[in-house]
Amino acid sequence: MLTQLNIKNFAIIDSLNIAFEKGFNVLTGETGAGKSIIVDAVDLVLGGRASSEMIRSGCEEAVVEAAFDISDVKGVSEKLGEIGIEKDDNLVIKRTISASGKNKVFINGSMATIAMLSDVGEFLVDIHGQHEHQTLMKVDRHIDVLDEYAVLGTLRQEMSGIYSEWNRVKDELVLLKSSEADKEKRVDLLRFQSDEIEKAALKVDEDEELLEEKKLLSNAERLYESANTALEILYSQSGSALELIKKAGSNVTDISIIDESMRVTLDAINSASASIEDAALTLRDYAGRISFDPERLNEIEERLDLIGRLKRKYGSSVSEILKYREEVDRELDGIERAEERIGELEGEGERLKAKGREKAETLSEKRKKGSDELTKKVVMELSDLGMKKAIFEVKMERLNDISAKGFDKVEFLLSSNPGEAPKPLSKIASGGELSRIMLALKKVLANPTGVPTMVFDEVDSGIGGGVAEIVGRKLREVAEGRQVLCITHLAQIAALADLHYAVSKGENKGRTTTTASRLSGDERVDEVARMLGGMTITEATKKHAEEMLKTVRRET
């Protein structure tokens, strides 16, 4: 979960430090105070898009740093290991945006790429921002929501793989049937690429091995000096550690002859002496193995430069470059025996098409089962959220052709009024209904062992009164066993939080600044009262706020 967020020179924020906890956390404040900017900062450390426009006016760079407790997060340690980042129960991500364009990413102190950051971020936080309301308005995204609920990720990957391979076969067929002139140009390019990769004589993981060797060669002098210095201190110089400990041993030997109780101490000294001798021998051997070879270092740098150029042209790793050459050679072979290859590809295309239809049928069957379950659960959640008469349906239609997602078209339908037939959600749902439907889906899709932190940015859009309290209680349910961060304008939701931050905008030396204060006691009562009554806090709103907070405390 997210434990600490530090923001500096980001948008209108000059410096802000916030500590979050497990459970239901809310951020409140007037419109324009900077609440959504905090969510933008979280998105940034998860791999979100960066722009120099995010830097506070007059500053050279913006810095966002986030600390996470990942002791109970499944999969993230493995992912960190895959990308070569040091693993720990605590994860620190730092991202800087520079006005010069030299942006940087650090994961646990190590330099990283945006791609690496995005891969890690998927395990940490799920952000439901205001834009996600629009996801429900896009019919082509409804199938993704259904598949997420039905846990069809593996099947979808298999379907996508088959579809991708089928398209590859079709593309190759088109190429083989193209004009001879086009073929000649294509053959020349493919031969050049194949020869370039072959001449490089690459080996899998060669670049990683070279980088390790380069590190040792680049630091050879430092390693040698450190090893020799340690050897002298332990063994070689006058007054070395070994000499001193042997002197101590001689004195303790005299003592133990008279007082046998000191024999244990003597044994410990003798053992330490032996250990120092072993360490000294190891250091001497290590220093003797250190290589000072500028020519080899130059060879490594030239080799890494060559591999880097090939990566930019053919793939992000040596394995991908070699795989690309295999594909090039396969295409060359196909062009050179075009007629025979055309027959093979047509047969392979039919086989893949049949395999794709079979996989699409399996997907369709599982979607049907999943849609029935999803419908029931969403209707239950909507009822809890004040839409007691709502009808939610998942409409499935079969397309003529298969795609990477199978051959189903999925659309969510809604009827919020009794007697009305369900109609496309994208055409009839109000803002308040969209907020509640999205929250219902998030509640249904929430996996207790999944992403540990969920962020809701103004999920209360378009609602108020009793429905707001219901939404707040639903958010509190979602927060059980995980962390929820919620930006809200509604007192009914804020009063239900475990931890409450007030975000405010002020002025310092003629500059706008944003601050966030953790509230408790009278401060929290005043903030809830302000949310109830607008800018003015009256005795009535304050009393109402106190009663709301007392009610929550009694329940917990």
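A brief structural summary.

For the rest of this paragraph, the subject is the pairing of strand β13 (residues 483-487). Taking burial as the measure, the five residues of β13 include five buried ones, the bulk of the element. Alternating residues of β13 divide into Q483, L485 and I487 and V484 and C486, and every residue in both groups is buried. In this sheet, β13 lies alongside strand β3 (residues 23-28) in parallel orientation, the contact comprising five bridges. Note that in β13 the partner of V26 across the bridge is C486.

Positive phi, normally seen in glycine, also occurs at V151, with a value near 55°. Along the polypeptide, V151 turns up in the loop between α5 (142-149) and α6 (153-176). One non-glycine residue, D205, lies in positive phi territory at about 65°. By secondary structure assignment, the location of D205 is in the loop between α7 (180-200) and α8 (206-218).

In this structure the tally under the stated criterion is five aromatic pairs. Residues Y224 and F292 carry aromatic rings whose centres are separated by 5.5 Å and whose planes lie at 75° to one another, so their mutual orientation is edge-to-face. You can see Y224 sitting in helix α9 (residues 220-236) and its partner F292 sitting in the loop between α11 (263-289) and α12 (294-314), a full 68 residues away along the chain. Looking at Y224, the relative accessible area reads 34%, which means it is partly exposed. Judged by its relative accessible area of 47%, F292 is partly exposed. The ring centre of W166 lies 4.1 Å from the NZ or CZ of K170, which sits over that ring.

Read across the sheet, six strands follow the order β2-β1-β4-β5-β6-β7 without closing on themselves; strand pairing throughout is antiparallel. The strands lining the two open edges of the sheet, one partner per strand, are β2 (13-19) and β7 (110-111). As defined by bridge partners, strand β5 (residues 90-98) adjoins strand β6 (residues 104-107) across four bridges and the pair is classed as antiparallel. Considered in β6, the bridge of R95 is made with V105. Strand contacts of helix α1 (residues 35-45): β1 (2-10), β2, β4 (61-69) and β5, with the helix running at about 105° to β1, the strand carrying the most contacts. Set on the sheet, helix α3 (residues 114-121) makes contact with β5 and β6; between it and β6 the angle comes to about 45°.

Cut-offs used in this document
Residues numbered from 1 in each chain as written. Predicted model: local features only at pLDDT ≥ 70, side-chain atom pairs only at ≥ 80, totals over all residues. Heavy atoms only, no water. Buried < 20%, exposed > 50% of the residue type's maximum accessible area, 1.4 Å probe, protein only. Helix = DSSP H or I, 4+ residues; strand = E, 2+ residues; numbered from the N terminus. Pairing = 2+ DSSP bridges. Phe/Tyr/Trp six-rings, centres within 6.5 Å; stacked < 30°, edge-to-face > 60°. Lys NZ or Arg CZ within 6 Å of the ring centre and 35° of its normal. Contact = heavy atoms within 4.5 Å. Axes fitted to C-alpha atoms, helices over the stretch in contact; angles between N-to-C directions.

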